[in-house]
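Descriptive analysis of the structure
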Amino acid sequence: MSSDTDPLSGLRQQIDELDSQLVALLGKRLAVTKQVGEIKSRVGLPIYVPDREAQLLQKRRAEAEELGLSGDLIEDLLRRIMRESYQTQHVRYQCTNPNLGKVVVVGGRGALGSVFTEMFERSGYQVCVLEKEDWESAPSILADAGMVLISVPMKLTEHIIRSLPPLPKDCLLVDITSTKTGPLTAMLDKHPGAVLGLHPMFGPDVSSLVKQVVVVCEGRYPQRYQWLLEQMRSWGAILNTSTAKEHDDAMAFIQVMRHFCSFVYGAHLAGENPPLEKLIQFSSPIYRLELAMVGRLFAQSPDLYADIIFNSKESVALLRRFQQRFNAALEVLEGGDKGAFIKEFFHIGQWFGDFAKKSLVESKKLLLKADDDRA
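Let me sum up the structure you'll find in this document. (Residues numbered from 1 in each chain as written. Predicted model: local features only at pLDDT ≥ 70, side-chain atom pairs only at ≥ 80, totals over all residues. Heavy atoms only, no water.)

1. Points about helix H13 (residues 314-334)
The end-to-end C-alpha distance of H13 is 31 Å, a good match for the 30 Å that 21 residues give at a rise of 1.5 Å each. Those residues of H13 that fall on the buried side of the exposure criterion are Ser315, Leu318 and Leu319. Down the axis of H13, the sector holding all buried residues measures 95 degrees, keeping them to one side. For H13, the exposed residues lying more than 90 degrees away from the buried face are Glu314, Arg320, Gln324, Glu331 and Glu334. (Helix = DSSP H or I, 4+ residues; strand = E, 2+ residues; numbered from the N terminus. Expected span 1.5 Å × (residues − 1). Buried < 20%, exposed > 50% of the residue type's maximum accessible area, 1.4 Å probe, protein only. Arc of directions from axis to C-beta.)

The following block contains the structure:
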């Protein structure tokens with residue numbers, strides 16, 4: 001159909017021109033935010049400022065609604081734009097402890113260790129990586145360390161801590177493994193100085209630490225590691241404080257149980273061998289997301305997840321209780337007792353409380369995004 005006979009041709013051309021203008025405006029905005037990042041680095045301001053972001057979103061929503069536009073639409077667009085902006089701002093970060101001296105990252109060439117190595121380097125610290133092939137030189141490498149960060153596989157963490165040569169008395173010893181009770185105890189036993197346990201709740205594929213959660217387990221001499229907490233906040237991280245036991249108890253549900261259930265679900269799919277492409281084609285966004293989360297597990301290191309799942313004997317008892325509840329629910333199904341199922345459904349819904357309604361709203365946003373991405 002020619003442009004003369006196509007009634008949509010002119011309108012489509014206008015849309016193309018407006019889209020090109022939007023692209024150009026986004027380019028200009030990113031250039032400005034990059035300058036903002038450079039200034040923040042120079043004067044020592046954090047990359048992520050929650051109050052500033054909230055105010056910006058509130059104002060833009062109000063402006064959109066005055067024009068008859070959807071506030072949700074504008075907020076979704078701006079959040080995606082701001083996420084990109086944070087990436088352009090991380091040229092160099094403030095250094096909260098310029099007199100610290102050398103930062104030694106044990107395992108700093110590993111997946112997660114390399115993330116922290118880069119972050120400390122971008123913050124202006126002198127960083128040295130200690131790997132297993134360097135271990136004979138560990139005493140000299142660690143002799144003048146201001147901080148030692150342990151980033152090794154979970155199964156090796158406590159052994160590496162106990163194998164460390166004596167550290168300087170004013171050195172800060174930190175670990176970033178997924179469990180905290182054992183490593184924190186090992187660090188407190190090994191080093192008489194300042195000690196801190198951290199668990200970054202993200203993987204090595206993050207593009208920045210903005211809005212990433214780090215669990216903080218207090219160790220010894222907290223006044224000596226406040227600079228590190230401020231440093232992570234300057235990177236944009238969200239810090240949540242916990243005891244080591246509280247952390248490990250929570251991880252049994254957050255990590256061990258979820259990963260194990262995903263493993264069993266994947267094993268069941270592989271055993272039943274349905275046509276995976278058909279499952280994907282027939283899935284609505286929510287089912288595709290659920291399937292993607294299972295598939296994501298098997299795209300990663302089996303050693304990592306084996307360490308997480310096998311680390312705690314207490315987790316076996318938790319999974320046994322899950323098995324009992326699964327069997328009980330199966331018996332209700334086999335007995336055809338819909339009434340019992342509905343009663344239990346309501347009971348569980350009451351336990352979740354307002355979180356269930358919030359989850360409905362939040363998941364709707366994720367599902368819309370997943371639907372947009374579908375080819």
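2. Observations regarding the packing of aromatic side chains
One pass over the structure, following the stated rule, counts ten aromatic pairs. When the ring of Phe120 is compared with that of Tyr125, the centres are 5.6 Å apart and the planes differ by 80 degrees; the resulting orientation is edge-to-face. Exposure remark for Phe120: the relative accessible area of 1% places this residue in the buried category. Ring plane angle 80 degrees and centroid distance 5.2 Å describe the contact between Phe120 and Trp235, whose orientation is recorded as edge-to-face. Within this pair, whereas Phe120 is found in helix H4 (residues 111-122), its partner Trp235 is found in the loop between helix H8 (226-234) and strand S7 (238-242), the two being separated by 115 residues in sequence. Comparing Phe120 with Trp235, the two get one shared label, buried. By the ring-pair criterion, three or more aromatic residues cluster together here, those being Phe116, Phe120, Tyr125, Phe202, Trp227 and Trp235. (Phe/Tyr/Trp six-rings, centres within 6.5 Å; stacked < 30°, edge-to-face > 60°.)

3. A short note on the packing of helix H9 (residues 244-272) against H13
As a packed pair, H9 and H13 sit with axes 11 Å apart at the nearest point and diverge in direction by 60 degrees. Viewed along their axes, H9 and H13 adopt a mutual orientation that is oblique. When you trace H9 past H13, the crossing you get is right-handed. The segment H9 lies against H13, with Ala252, Phe253, Val256, Met257, Phe260 and Cys261 engaging Ser315, Leu318, Leu319 and Phe322. Grouping the amino acids of the contact of H9 with H13 by side-chain chemistry returns nine nonpolar, one polar and no charged. (Axes fitted to C-alpha atoms, helices over the stretch in contact; angles between N-to-C directions. Parallel < 35°, antiparallel > 145°, perpendicular 65-115°, else oblique. Left-handed = near helix turned anticlockwise from the far one by under 90°. Contact = heavy atoms within 4.5 Å. Nonpolar A, V, L, I, M, F, W, Y, C, P; charged D, E, K, R; others polar.)

4. Considering the nonpolar core
The biggest cluster of nonpolar side chains holds 42 residues, and the ones touching the most others in it are Phe120, Met147, Leu172, Leu196, Leu198, Leu228 and Met232. Ignoring sequence-local partners within four residues, the contact set of Phe120 consists of Val103, Tyr125, Val127, Met147, Leu149, Trp227, Leu228 and Trp235. Val104, Leu164, Cys171 and Ala244 belong to the second-largest nonpolar core, a separate cluster that totals 23 residues. (Core = buried A, V, L, I, M, F, W, Y, C linked by side-chain atoms within 4.5 Å.)

5. Examining the environment of Glu65
With respect to the secondary-structure elements, Glu65 resides in helix H2 (residues 50-66). According to the relative accessible area criterion, Glu65 is partly exposed, its value standing at 47%. The spatial distance from the C-alpha of Glu65 to the C-alpha of Lys40 is 32 Å, given a sequence separation of 25 residues.

6. As for the environment of Leu269
Relative to the elements of secondary structure, Leu269 occurs in helix H9. Given the relative accessible area of 19%, Leu269 is considered buried. Filtering out sequence-adjacent residues up to four positions away, Leu269 remains in contact with Pro274, Leu279 and Leu291.

7. Comments concerning the packing of H9 against helix H11 (residues 285-297)
Two measures define how a pair of helices packs: the angle their axes make with one another and the distance between the axes. Two elements in contact, H9 and H11, have axes whose closest approach is 9 Å; the angle formed by their N-to-C orientations is 95 degrees. Considered as vectors, H9 and H11 are oriented roughly perpendicular to each other. Packed against H9, whose contacting residues are His259, Ser262, Phe263, Tyr265, Gly266 and Leu269, the element H11 presents Leu291, Val294 and Leu297 at the interface. Looking at the contact of H9 with H11 residue by residue, the classes come out as six nonpolar, three polar and no charged.

8. A few points about the sheet that holds strand S2 (residues 126-130)
If you trace the seven strands from one edge of the open sheet to the other, you get S2-S1-S3-S4-S5-S6-S7, paired in mixed fashion. Where the open sheet ends on each side, the last strands, each with one partner, are S2 and S7. Here the strands of the sheet are splayed against their neighbours by 25 degrees on average, with no regard to which way each runs. One ladder, built from four bridges, connects strand S3 (residues 145-150) with strand S4 (residues 172-175); its direction is parallel. (Pairing = 2+ DSSP bridges.)

9. Considerations on the environment of Val103
Along the polypeptide, Val103 turns up in strand S1 (residues 102-106). With a relative accessible area of 0%, Val103 lands in the buried category. Between the alpha carbons of Val103 and Phe322 there is a distance of 43 Å; along the sequence they are 219 residues apart. Excluding anything up to four places from it in sequence, Val103 contacts Phe120, Tyr125, Gln126, Val127, Cys128 and Met147.

10. Quick look at the pattern of salt bridges
The full count for this structure, using the stated rule, is 18 salt bridges. Salt-bridge contacts for Glu53 lead to Arg79; the nearest nitrogen and oxygen are separated by 3.3 Å. Linking Glu53 in helix H2 with Arg79 in helix H3 (residues 71-89), this pair joins segments that are 26 residues apart in sequence. Judged by its relative accessible area of 6%, Glu53 is buried. Residue classification places Arg79 among the partly exposed positions, given a relative accessible area of 37%. The residue Arg122 makes a salt bridge to Glu118 at a minimum N-O spacing of 2.9 Å. (Salt bridge = Lys/Arg side-chain N within 4 Å of Asp/Glu carboxyl O.)

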